[in-house]
Amino acid sequence: DAKTTQPDSMESTEGETVHLPCSHATISGNEYIYWYRQVPLQGPEYVTHGLQQNTTNSMAFLAIASDRKSSTLILPHVSLRDAAVYHCILRPQGTGSKLSFGKGAKLTVSP
Amino acid sequence: GALVYQYPRRTICKSGTSMRMECQAVGFQATSVAWYRQSPQKTFELIALSTVNSAIKYEQNFTQEKFPISHPNLSFSSMTVLNAYLEDRGLYLCGARGGHTEVFFGKGTRLTVV
């Protein structure tokens, strides 16, 4: 399976803009980059995804390197509710609902 | 919007007994459903992937004999944990996908084995 590398944890303060890095040096051309987040006792929540171009939605901005070997999830003005484990996942086209989760990066947000 | 409901949210069963968990997709047609287990150590394991009109595909270390899955229509799937033992405890997650590119997850069924 294709692998991603994330820091184990990151710390931030409310109101800051947080940059969560992800390395995926062996990404294949047909693999999307997905980000999910999970809080304790809940299932993963979809954040965003992209293939080649940067993407933005109400939750986050996803910056994808031109060679696609890394990406950064940017969370503007984080709040306490953004504290979660963030998973960067590669999903090949045509694999249905199969996702390969790693340990993710635990984001802590302080008041 | 698209939602996935899982029930029960938590359950306790005696060692050696079985329990069934259900997954309901609302607002979209779940053509693909994947069942996962998240252990107390927080690691995810894919159990099996069920796609409409295809055979259910189990991952290594998981079998139909232990985790039978039913996916009878585009809104429902169930999985049973047969003869549950301590190592089967964890949070069981259902992830479903239809025409969207994202996978929607339920909140999980937390299994405790005593």
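Look up: the structure comes first, before these words.
Below is a summary of the structure that appears in this document.

### Re the overall build of chain A
Looking only at helices and strands, chain A has 0 helices and 9 strands in total. Beginning at the N terminus, the succession of helices and strands in chain A can be written as β-β-β-β-β-β-β-β-β. The C-alpha atoms of chain A give 13 Å as radius of gyration, which agrees with the globular expectation for 111 residues (13 Å, within 12%). Judged by the C-alpha coordinates and their principal axes, chain A covers about 40 × 30 × 25 Å. When each of the 111 residues of chain A is scored for burial, the buried share is 42%. Summarising the internal contacts of chain A: among those between residues at least 6 apart in sequence, 56% fall at separations of at least 24. Of the roughly 5,600 Å² of accessible surface on chain A, 49% is carried by carbon and sulfur atoms. Counting 9 positive and 9 negative side-chain charges, chain A places the centres of these two groups 8 Å from one another.

### Details of the nonpolar core
Counting residues in hydrophobic clusters, the biggest one holds 25 residues, and the most contacted among them are B:Trp35, B:Ile47, B:Phe67, B:Met79 and B:Tyr92. Secondary-structure elements contributing two or more residues to this core are strand E3 (19-26), strand E4 (32-38), strand E5 (44-51), strand E8 (76-81), strand E9 (90-97) and strand E11 (109-113) of chain B. Discounting residues that sit within four places of it in the chain, B:Met79 has contacts with B:Met19, B:Arg20, B:Met21, B:Trp35, B:Ile47, B:Phe67, B:Pro68, B:Ile69 and B:Tyr92. Within the second largest apolar cluster, 19 residues are counted, among which are A:Cys22, A:Ile27, A:Trp35 and A:Cys88.

Cut-offs used in this document
Residues numbered from 1 in each chain as written. Chains lettered and ligands numbered in written order. Predicted model: local features only at pLDDT ≥ 70, side-chain atom pairs only at ≥ 80, totals over all residues. Heavy atoms only, no water. Helix = DSSP H or I, 4+ residues; strand = E, 2+ residues; numbered from the N terminus. Rg over C-alpha atoms; globule rule 2.2 N^0.38 Å. Buried < 20%, exposed > 50% of the residue type's maximum accessible area, 1.4 Å probe, protein only. Contact = heavy atoms within 4.5 Å. Areas by Shrake-Rupley, 256 points an atom, 1.4 Å probe, with all protein chains shown as cover. Lys, Arg positive; Asp, Glu negative; His and termini not counted. Charge placed at Lys NZ, Arg CZ, Asp CG, Glu CD. Core = buried A, V, L, I, M, F, W, Y, C linked by side-chain atoms within 4.5 Å.

As far as function goes, none of this settles anything; it's purely spatial.
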